[in-house]
Amino acid sequence: MSQDARRSSIHRLTTQDASFLYAESREQPMHIGGLAIFKGRIGHKEMIDHLERRLHLVRRYRQRVQFVPFNLAHPTLNDDPSFAIRNHVHCHDLPRDSGEAELSACATRVFAQPLHRGRPLWEYHLFRGFEGNRCAVLAKVHHCLVDGVSGMEMLKATMDRRPGTG
């Protein structure tokens, strides 16, 4: 990769976005997310395959945070040369016909865990076994990557299942 191409793949975080990283602690993760419930069953491999086909639409999902030595500048987002989607898409099997209380408890435990700082700062969690032949997907994205509008755009890009949209 040329020096110019490498530079163009690097994005320095704004002061506001970097502040979400600086303020984070194990007890106070700074990611945002949402839980979507779907009719029917989604397979773990099916979800991974779907996201892999759509990742080109969300460049930040393939970039990780790189801190600057001695914090002389805000961190940057750089392409992750060892990106592996399996590190970001997880499957949880709830007890068969689990209700909202069980789903909520499991999703809350998963959501409370900080994102791994050595990888791109997002995860999707698939919950299977939800009552009524449904499943749920929890999306977690670090706040340094998104604001409200861009967060919705990222979800739209990854969750759209219409043919020919990715």
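Figured I'd write up the structure that's included with this text.

### Some details on the sheet that holds strand S3 (residues 63-66)
Here's step 1: Here we have three strands laid out as an open sheet, ordered S1-S4-S3, and antiparallel in their pairing. The two strands at the open ends of the sheet, each matched to only one other strand, are strand S1 (11-12) and S3.
Here's step 2: Sheet topology note: the S3/strand S4 (residues 76-79) ladder contains four bridges and is antiparallel. Paired with Gln 66 across the strands is Thr 76, a residue of S4.

### Some remarks on the side chain of His 88
Here's step 1: You can see His 88 is positioned in the loop between S4 and strand S5 (89-98).
Here's step 2: His 88 sits in the buried class, given a relative accessible area of 2%.
Here's step 3: Those residues in contact with His 88 that sit more than four places away from it in its chain are Phe 83, Arg 119, Pro 120, Trp 122, Glu 123 and Tyr 124.

### A look at the environment of Arg 60
Here's step 1: Inspection of the secondary structure puts Arg 60 in the loop between helix H3 (44-54) and S3.
Here's step 2: When the C-alpha atoms of Arg 60 and Leu 145 are compared, they prove to be 7.2 Å apart, with 85 residues separating the residues in sequence.
Here's step 3: Among all residues touching Arg 60, those that are not within four sequence positions of it are His 11, Leu 77, Pro 120, Cys 144, Leu 145 and Met 154.
Here's step 4: Side-chain polar atoms of Arg 60 contact the backbone oxygen of Leu 145, separated by 2.9 Å.

### Section: the sheet that holds strand S6 (residues 122-130)
Backbone-to-backbone hydrogen bonds join strands into a sheet, with any given pair of strands oriented parallel or antiparallel.
Here's step 1: Across the sheet, which stays open at both edges, the four strands sit in the order S2-S7-S6-S5 with mixed pairing between neighbours. The strands lining the two open edges of the sheet, one partner per strand, are strand S2 (31-39) and S5. Across the sheet, the mean angle separating the axes of adjacent strands is 20° when strand polarity is ignored.
Here's step 2: With seven bridges connecting them, S6 and strand S7 (residues 134-142) associate as antiparallel partners. Within the sheet, the bridge partner assigned to His 125 lies in S7 and is Leu 138.

What counts and what doesn't
- Counting restarts for each chain: residues are numbered from 1 in the order of the written sequence.
- Selection of residues for local features in this predicted model requires a pLDDT of at least 70, selection of side-chain atom pairs for listing and counting requires 80 or more, and totals for whole chains, interfaces and linings are taken over all residues.
- Heavy atoms from the whole structure form the basis of all side-chain values; hydrogens and water molecules are not counted.
- Two strands qualify as a pair provided that DSSP identifies no fewer than 2 bridges between them.
- Where helices and strands are cited, they refer to DSSP runs of H or I of at least four residues and of E of at least two residues respectively, numbered from the N terminus.
- Note on classification: 1.4 Å probe, protein chains only; a residue is buried when its accessible area is under 20% of the maximum for its type, exposed when over 50%, partly exposed between these limits.
- Working rule for contacts: check all heavy atoms of both residues, and any pair within 4.5 Å makes them a contact.
- Two N or O atoms form a polar contact when they lie within 3.5 Å of each other; inside protein one atom must be a possible hydrogen donor and the other a possible acceptor, and for residues adjacent in sequence the pair counts only when both atoms belong to side chains.
- Note on geometry: axes are lines fitted to C-alpha atoms, helical ones only across the stretch in contact, with angles between N-to-C directions running from 0 to 180 degrees.

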